[in-house]
Amino acid sequence: MARKDTIFERFLAPVVRLFIDEPALQQFYDTTDWQYESDRFRRPELAYPAYYVQENFHGIEGGYLTPGAAVSYDPITQYALPPSETLIRQGLIDNIHCQPRRILDLGCGTGSTTLMLKQAFPQAEVIGLDLSPYMLFMADRKAQQASLDIQFIHANAEQTNFPAASFDLVTAALLFHETPAAVSQAILEEAFRLLSAGGQVLVLDGHQKVLRQLDWLHNIFEEPYIEDYATGSVDAWMGAAGFGAVRTDDQWWIHQVTSGTKPLPKGKQMSISTSQHPILAEVVGPAFAVDPVV
Ligand SMILES: C[S@@+](CC[C@H](N)C(=O)[O-])C[C@H]1O[C@@H](n2cnc3c(N)ncnc32)[C@H](O)[C@@H]1O
């Protein structure tokens with residue numbers, strides 16, 4: 001349950017509560033068999049990383065490994081992503097520059113972005129992955145309610161155990177502000193391994209430059225690693241992981257979407273002059289490298 005001494009609980013929660021149907025949430029909380037539902041996703045052999053179990057994310061004791069975190073996540077997040085949660089998440093979808101066939105959403109939480117990915121690419125196989133079996137239960141419940149065929153997996157994004165080159169799009173929404181910088185780096189290295197050549201990685205999160213000016217906010221939401229995130233650079237982490245064409249776009253001032261591409265092996269690249277392909281030029285800019293086999 002949430003600690004009562006955080007700034008969020010003392011000053012903001014009473015306001016947020018005005019807009020949330022608390023009795024309905026409480027009833028859902030009380031009538032759900034959490035042991036049974038979380039066991040459906042839990043892989044008992046999975047070892048949780050120290051940063052994940054030692055901190056109380058958002059002032060909730062036990063962090064994401066509690067039913068309370070899973071039940072309260074969506075009602076609160078809708079007010080934490082101005083101007084609108086859907087617009088912010090859509091910013092990630094709009095930055096997809098391929099027709100993915102296999103998509104992996106890392107740190108999928110309650111699946112809000114995962115569902116949008118499946119809606120945008122209904123033919124694609126979509127997998128959401130998270131360390132919290134409680135969050136996975138909520139995500140799966142939402143996917144079933146929306147009749148979307150999505151697989152949810154209990155795993156660590158740093159080491160997923162999926163085969164190399166088995167995805168063509170890997171995403172991470174609102175994950176990196178909750179992980180130490182070294183873990184974000186490790187997750188991007190895993191994304192690089194998982195992607196086939198030419199595949200895309202997309203990271204949606206708070207705007208790092210803006211967050212550097214808002215350190216007072218960190219205490220309000222009790223985000224143990226947000227300073228690490230704010231002072232780092234997703235661009236640099238992606239570059240260090242091996243990605244090319246790295247680019248960050250602002251999303252409504254306080255968010256950012258960073259895209260990177262896993263380069264094609266040398267010798268498999270060839271340049272196409274886009275002056276002869278006006279439509280291609282509009283989509284990709286003046287220079288483009290494609291696999292000659294395709
Ligand atoms: C702030 S939530 C974001 C959830 C979701 N992506 C969204 O956009 O709402 C962060 C999520 O990352 C998960 N997480 C943190 N570290 C992880 C890791 N190493 N591997 C997988 N999931 C992780 C947490 O359990 C939590 O569900």
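As shown above, the structure is provided for reference.
Residues numbered from 1 in each chain as written. Predicted model: local features only at pLDDT ≥ 70, side-chain atom pairs only at ≥ 80, totals over all residues.

Undergrad: What is the right way to read the packing of helix H6 (residues 85–94) against helix H7 (residues 112–120) from this model?
TA: When two helices pack together, you describe them by how their axes are tilted relative to each other and by the distance separating the axes. Contact geometry of H6 with H7 gives a least axis separation of 10 Å together with a crossing angle of 45 degrees. What the angle tells us is that H6 and H7 run oblique. Considering the relative orientation of H6 and H7, their crossing is right-handed. From H6, Arg89, Leu92 and Ile93 reach across to H7, where they touch Ser112, Thr113, Met116, Leu117 and Ala120. Within the contact of H6 with H7, the residues separate by chemical class into five nonpolar, two polar and one charged. (Axes fitted to C-alpha atoms, helices over the stretch in contact; angles between N-to-C directions. Helix = DSSP H or I, 4+ residues; strand = E, 2+ residues; numbered from the N terminus. Parallel < 35°, antiparallel > 145°, perpendicular 65-115°, else oblique. Left-handed = near helix turned anticlockwise from the far one by under 90°. Contact = placed C-beta atoms within 7 Å. Nonpolar A, V, L, I, M, F, W, Y, C, P; charged D, E, K, R; others polar.)

Undergrad: Explanation requested: the sheet that holds strand E3 (residues 150–154) in the structure shown.
TA: As a general point, the strands of a sheet are linked pairwise by backbone hydrogen bonds and lie either parallel or antiparallel. Spatially, E3-E2-E1-E4-E5-E7-E6 is the arrangement adopted by the seven strands of the open sheet, whose pairing is mixed. The strands lining the two open edges of the sheet, one partner per strand, are E3 and strand E6 (244–251). Taking each pair of neighbouring strands and ignoring which way they run, the sheet shows an average axis angle of 15 degrees. For strand E4 (residues 167–173) and strand E5 (residues 195–206), the ladder comprises six bridges, and the chain directions are parallel. Paired with Phe167 across the strands is Leu195, a residue of E5. Sheet strands in contact with H6 are E4, E5, E6 and strand E7 (255–261), and its direction is about 15 degrees off that of E7. Against the sheet, helix H9 (residues 181–194) engages strand E1 (102–106), E4 and E5, with an angle of about 150 degrees to E5. (Pairing = 2+ DSSP bridges.)

Undergrad: What exactly am I supposed to notice about the site of the ligand here?
TA: Inspection of the region around the ligand gives 21 residues, with Tyr64, Gly107, Gly109, Ala157 and Ala173 positioned closest. At the level of secondary structure, the elements contributing two or more residues to the shell around the ligand comprise H7 and strand E2 (125–130). For the shell around the ligand, the per-class residue count stands at 10 nonpolar, eight polar and three charged. (Near = placed C-beta within 6 Å.)

Undergrad: Could you clarify how one ought to interpret the pairing of E1 in this entry?
TA: Put simply, side chains in a regular strand alternate between the two faces of the sheet. Of all five residues in E1, four are buried; the element is thus mostly enclosed. With five bridges connecting them, E1 and E2 associate as parallel partners. Across the sheet, the residue bridging to Arg102 is Glu125, located in E2. In the classification by handedness, the crossover that spans E1, the intervening H7 and the parallel E2 is right-handed. Pairing geometry for E1 and E4, over four bridges, is parallel. Directly across from Ile103, in E4, lies its bridge partner Leu169. (Buried ≥ 20, exposed ≤ 12 C-beta atoms within 10 Å, placed from the backbone. Right-handed = clockwise from strand over helix to strand, strands pointing away.)

Undergrad: Could you clarify how one ought to interpret the packing of helix H5 (residues 67–80) against helix H8 (residues 133–145) in this entry?
TA: At a closest axis distance of 8 Å, the pairing of H5 and H8 adopts a crossing angle of 40 degrees. With respect to each other, H5 and H8 are oriented oblique. Crossing hand, H5 versus H8: right-handed. The segment H5 lies against H8, with Pro67, Ala69, Ala70 and Tyr73 engaging Tyr134, Met135, Phe137 and Met138. Looking at the contact of H5 with H8 residue by residue, the classes come out as eight nonpolar, no polar and no charged.

Undergrad: I'm lost on H8 in this one. Help?
TA: Residue pairs spaced three or four apart in an α-helix point in one direction, given the helix's 3.6 residues per turn. In a regular helix each residue adds 1.5 Å, so 13 residues correspond to 18 Å; H8 covers 18 Å between its end C-alpha atoms and thus fits that length. Those residues of H8 that fall on the buried side of the exposure criterion are Pro133, Tyr134, Met135, Leu136, Phe137, Met138, Ala139, Asp140 and Ala143. Among the residues trailing H8, Ser147 stands out with phi positive, at a value near 50 degrees. (Expected span 1.5 Å × (residues − 1).)

Undergrad: I would appreciate a short explanation of unusual backbone geometry in the present structure.
TA: Trans is the prevailing form of peptide bonds, just as negative phi is the prevailing case for residues other than glycine. Omega for the peptide link from Pro82 to Pro83 comes to 0 degrees, which places this bond in the cis form. Here Pro83 shows up in the loop between H5 and H6. One non-glycine residue, Ser147, lies in positive phi territory at about 50 degrees. Its location among the elements puts Ser147 in the loop between H8 and E3.

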